[in-house]
Amino acid sequence: MTIGVLALQGDVREHMAALADLGEVGRLVSGPADLVALAGIILPGGESTTLSMLLESSGLLDPLAAALTDGLPVFGTCAGMILLAETVLDGRPDQRRFGVIDITLRRNGYGRQVASFECDLNVAGIEGPSVHAVFIRAPVVEAVSPDIEVLATLPDHAYTGGDVRNVGGGRPVVCRQGPVLVTAFHPELTEDRRLHQLFVGMTKGER
Amino acid sequence: MGDSPIESRSATGNRPTGTFTVKRGLADMLRGGVVMDVVDAEQAKLAEDSGAVAVMALERVPADIRRDGGVARMSDPAMIEGIKAAVTVPVMAKARIGHFAEAQVLAALGVDYVDESEVLTPADEAHHIDKWGYDVPFVCGATNLGEALRRISEGAALIRSKGEAGTGNIVEAVRHLRAILGDIRRITQADSAELYGWAKQLAAPIGLVQEIAGSGRLPVPLFCAGGIATPADASLVMQLGAEAVFVGSGIFKSSDPERRARAIVEATAHYADAHLVAKVSTGLGDAMAGQEIDTLDVRLAARGW
């Protein structure tokens, strides 16, 4: 069973390392031939506008869209989440997307890079200590359809003094709809493999 | 750095910003991409349309700075704001080496990365900016491993090999990448006692040298800048070990910037695929003219200490 990692741009290496840590075989996916016989695919963090252009130029857009529509399990982190979302606000009008999870996102919704942050999350179905999450120019989830399982929401900002915005408090940051798992943050940037483990389970037909 | 173990954490609602993890993390997200120099909102849009992962806002591209001479400074905030408003990708801007007040202004403008750059005229001949005190991340240039590690010890979250900006000549970029990556390879072969000798020779902190000996790579991403003018140039430096490229004068000093920008983006993403690099290199029109290094009056790469 091989799990693909979209390898056009972004933090591909960290996702491959996460799969290796879990004893899974990863495959770099940079063209249509790489899609053959995958058990699932990860769409990494990166710049979603660049990824969108390269998906088109590499010929991956249509065959990958078809595979996802057929139910290929997919895990999108940050930019990967944007590529999978049904609706994206503040993106580019020509940005290509797969639209396989019924959520509405706002690109860079937390603000520019200086607003990028870390925090701890309680994720439903993940036992043990909370998950440390790294958000980088992350998308904000503005709306989810009733079909979406929200596995984690952003806690309200603990700091109340001074000029700190509580953008996103209570907003979903880990969502699942059938074979589609998305995070607004970058689990690949930490050593905690439990979200990748959850996805690997999905590729093996586990709930 | 210095993260506490996962076990000690609970979901308290604390949200630290400006940590080294988020600074370095943005650089990680740019890997495999092309950062393009732009001088106005129109160029910035063209760069984004062509697939740039980020844009570098500056008043004159290095080739023009070289031609015009005089003191090159931070750009007008109005121009940076115009570019920020025009694109959705990250916006970087340059401060002079050691000019911490320019860096403070760029941080106040909310740019996504500050480039403490030798392309501008240095403001301090002994010191670089202490970059740890900022929420905004910094990128710095380096010609060798010692310089790279000194910049990282000052807080840089991204290193770019300097090359020789504004020349359209890749030879210096290759020299600098080989110097940095060659020494990293040698350090991975050194024993623990020899690492102290390396730290002394490189004038770099022993802790960073020991880290490299274990990991075989810099503690932050390594991009390449200075002299990239063609898709094959991008493929060359990526194959040598750069993780992304900066293109300055090479795009907007060429005869067809839009096609060339897109071709360099595709060649950077698929750098090991010679058939693809051949395809995107076909019929691009004239590259920027370029200069022999020996004919230069000013060596920008020599700036930085």
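Structure: see above.
What you see is a predicted model; the values in this text were computed from it and never measured.

(A) Local environment of the overall build of chain A. Looking only at helices and strands, chain A features five helices and 12 strands. What you see for chain A is a C-alpha radius of gyration of 16 Å, in line with the 17 Å of a compact globule of 207 residues. Principal-axis analysis of the C-alpha atoms places the extent of chain A at approximately 55 × 40 × 30 Å. By the burial criterion, 58% of the 207 residues in chain A qualify as buried. Intrachain contacts of chain A at a sequence separation of at least 6 include 65% that bridge at least 24 residues. Side chains of chain A give 16 positive and 25 negative charges; the mean places of these two sets differ by 4 Å.

(B) Region of the structure containing the environment of Ala52 of chain B. Examined against the element boundaries, Ala52 of chain B turns out to sit in the loop between α2 (41–49) and β2 (54–57). Its relative accessible area of 0% is what places Ala52 of chain B among the buried residues. In this structure, the C-alpha to C-alpha distance between Ala52 of chain B and Ala199 of chain B, residues 147 residues apart in sequence, is 36 Å. Not counting residues up to four positions away in its chain, the partners in contact with Ala52 of chain B are Thr49 and Thr50 of chain A together with Val34, Met36, Ala47, Val89 and Val265 of chain B.

(C) Region of interest: the sheet that holds strand β6 (residues 101–106) of chain A. All names here are of chain A. On the basis of which strands lie adjacent, the open sheet formed by three strands has the order β5-β6-β9 and mixed pairing. Of all strands in the sheet, those with a lone pairing partner are β5 (85–89) and β9 (140–144), marking the two edges. Between one strand axis and the next, the sheet turns through 30° on average, direction left out of account.

(D) A look at helix α8 (residues 192–202) of chain B. Residue and element names in this part refer to chain B. For α8, the full list of buried residues reads Leu195, Trp198, Ala199 and Leu202. The buried residues of α8 occupy an angular sector of 100° when projected down its axis, which confines them to one face. What points out from α8, more than 90 degrees from its buried face, is the exposed set Ala193, Tyr196, Lys200 and Gln201. Residues of α8 that are buried sit in contact with α6 (145–153), α7 (171–188) and α9 (206–215). The N-capping residue of α8, defined by a side-chain oxygen 3.1 Å from the backbone nitrogen of Ala193, is Asp191. Ala203 sits one or two residues past α8 and shows a positive phi near 55°.

(E) Highlighting the interface of chain A and chain B. Listed as interface residues are 54 residues of chain A and, on the opposing side, 48 residues of chain B. With both chains or domains summed, chain A and chain B bury close to 4,000 Å², and 53% of this area falls on carbon and sulfur atoms. Summed over the three residues of chain A that lose the most area to chain B, namely Arg13, Arg112 and Glu118 of chain A, the buried surface amounts to 17% of that side. Counting every contact that joins chain A to chain B gives six salt bridges.

(F) Inspection of the state of the cysteines at higher detail. In this structure the tally under the stated criterion is zero disulfides over all chains. Left unpaired, Cys119 of chain A is separated from the closest cysteine sulfur, that of Cys78 of chain A, by 13 Å. Note on Cys224 of chain B: no disulfide assigned, nearest cysteine sulfur contributed by Cys140 of chain B at a separation of 16 Å.

(G) Region of interest: the pattern of salt bridges. Counting across every chain of the model gives 35 salt bridges over all chains. Put simply, Arg107 of chain A and Glu47 of chain A hold a salt bridge, and the shortest N to O gap is 3.3 Å. Linking Arg107 of chain A in the loop between β6 and β7 (117–121) with Glu47 of chain A in the loop between β3 (38–43) and α2 (48–57), this pair joins segments that are 60 residues apart in sequence. The exposure classification of Arg107 of chain A matches that of Glu47 of chain A, with both residues buried. As a salt-bridge pair, Arg92 of chain A and Glu48 of chain B come within 2.8 Å of each other at their nearest N and O atoms. Pair noted here: Arg92 of chain A is in the loop between β5 and β6 and Glu48 of chain B is in helix α2, and the two residues belong to different chains. Sharing partners across several salt bridges, the network here consists of Arg13 and Glu14 of chain A together with Arg24, Asp28, Arg31 and Glu243 of chain B.

Rules of the game
Residues numbered from 1 in each chain as written. Chains lettered and ligands numbered in written order. Predicted model: local features only at pLDDT ≥ 70, side-chain atom pairs only at ≥ 80, totals over all residues. Heavy atoms only, no water. Helix = DSSP H or I, 4+ residues; strand = E, 2+ residues; numbered from the N terminus. Rg over C-alpha atoms; globule rule 2.2 N^0.38 Å. Buried < 20%, exposed > 50% of the residue type's maximum accessible area, 1.4 Å probe, protein only. Contact = heavy atoms within 4.5 Å. Lys, Arg positive; Asp, Glu negative; His and termini not counted. Charge placed at Lys NZ, Arg CZ, Asp CG, Glu CD. Pairing = 2+ DSSP bridges. Axes fitted to C-alpha atoms, helices over the stretch in contact; angles between N-to-C directions. Arc of directions from axis to C-beta. Polar contact = N/O pair within 3.5 Å; in protein donor to acceptor, adjacent residues only side chain to side chain. Buried area = accessible area lost by both parts, 1.4 Å probe. Salt bridge = Lys/Arg side-chain N within 4 Å of Asp/Glu carboxyl O. Disulfide = S-S within 2.5 Å.

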